[in-house]
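Here is what each chain is made of, one letter per residue.
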Amino acid sequence: MRIAIIAIIASLFVGTGGAAADPASDADKAMFQQIISAQMSAFQADDAAGAFDFASPDLQAKFGSAATFLEMVKSGYAPVYRPRTVEFRDIVEHDIGPEQRVFVIGPDGRSYIAHYMMEKQPDGSWRISGCYLDKAGDESV
């Protein structure tokens with residue numbers, strides 16, 4: 001499942017034309033945390049529509065429906081679907097946009113870094129354009 005999600009994320013980046021993105025402001029960085037936290041809260045409530053609203057239009061188009069999106073998260077992203085612990089880490093600037101790194105401990109007690117790619121919308125708002133998980137080893141908060 002992770003390979004499929006990485007392929008989706010990669011396909012979204014192809015459409016960016018390689019233009020350098022503006023660095024995220026402090027207000028943007030605070031907004032990333034609000035958006036990711038709100039999406040995780042929607043996951044906790046099994047609010048598929050609420051969680052789907054935080055996904056970029058391209059990501060929404062890839063999954064087609066909120067129900068399909070939530071099922072993918074349930075089956076392949078348990079650490080962000082039901083995290084025991086969440087700690088926001090650094091933001092990495094890429095040509096395609098900012099990446100918010102989030103340390104999570106999943107329901108299985110294992111730790112991960114969730115890499116959230118953020119995409120600025122034409123109206124100036126931010127949405128999540130993709131996420132992938134890396135094991136974080138024996139790290140703790």
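Residues numbered from 1 in each chain as written. Predicted model: local features only at pLDDT ≥ 70, side-chain atom pairs only at ≥ 80, totals over all residues. Heavy atoms only, no water.

### Let's talk about the pattern of salt bridges
Thought 1: Going through the model one piece at a time under the given rule, you end up with six salt bridges.
Thought 2: Residues R101 and D90 are paired through a salt bridge, measuring 3.7 Å at the closest nitrogen-oxygen approach. A residue pair is termed long-range when its members are at least 10 positions apart, and R101 in strand β2 (residues 97-105) and D90 in strand β1 (residues 85-94) qualify at eleven residues.
Thought 3: Here D90 falls in the partly exposed class, since its relative accessible area comes to 39%.
Thought 4: It is possible to trace a salt-bridge network through shared partners that takes in D90, E99 and R101. (Salt bridge = Lys/Arg side-chain N within 4 Å of Asp/Glu carboxyl O. Helix = DSSP H or I, 4+ residues; strand = E, 2+ residues; numbered from the N terminus. Buried < 20%, exposed > 50% of the residue type's maximum accessible area, 1.4 Å probe, protein only.)

### Considerations on the nonpolar core
Thought 1: Within the largest apolar cluster, 31 residues are counted, with the highest numbers of intra-cluster contacts made by F43, F69, V73, V80, Y116 and M118.
Thought 2: Per element, the largest residue contribution to this core is six residues, and it comes from helix α2 (residues 26-44).
Thought 3: Once residues within four sequence positions are removed from consideration, V73 is found in contact with F43, A78, V80 and Y81. (Core = buried A, V, L, I, M, F, W, Y, C linked by side-chain atoms within 4.5 Å. Contact = heavy atoms within 4.5 Å.)

### So, the sheet that holds β2
Strand pairing in a sheet relies on backbone hydrogen bonds, with the paired strands running either antiparallel or parallel.
Thought 1: What the four strands build is an open sheet, ordered β1-β2-β3-β4; its pairing is antiparallel. Taken across any chain shown, the strands that pair with only one partner, and hence form the sheet edges, are β1 and β4 (126-137). Averaged over all adjacent pairs, the angle separating strand axes in this sheet is 20°, with direction ignored.
Thought 2: As paired elements, β2 and strand β3 (residues 111-120) share seven bridges and run antiparallel to each other. For R101, the partnering residue across the bridge sits in β3 and is H115.
Thought 3: Sitting on the sheet, α2 touches β1, β2, β3 and β4, and the angle it makes with β2 is about 45°. (Pairing = 2+ DSSP bridges. Axes fitted to C-alpha atoms, helices over the stretch in contact; angles between N-to-C directions.)

### Some thoughts on the pairing of β3
Thought 1: Of all the ten residues making up β3, eight are buried; the element is thus mostly covered by neighbouring parts of the structure.
Thought 2: Remark: five residues form the turn of the hairpin made by β2 and β3, two consecutive strands paired antiparallel; G109 in that turn has positive phi of roughly 85°.
Thought 3: Bridge analysis of β3 against β4 gives ten bridges, and the strand direction is antiparallel. By the bridge assignment, E119 is partnered in β4 with R127.
Thought 4: Between β3 and β4, which pair antiparallel in sequence order, lie five residues; one of them, G124, sits at a positive phi of approximately 95°.

Note that all results are geometric; they support no functional claim without further evidence.
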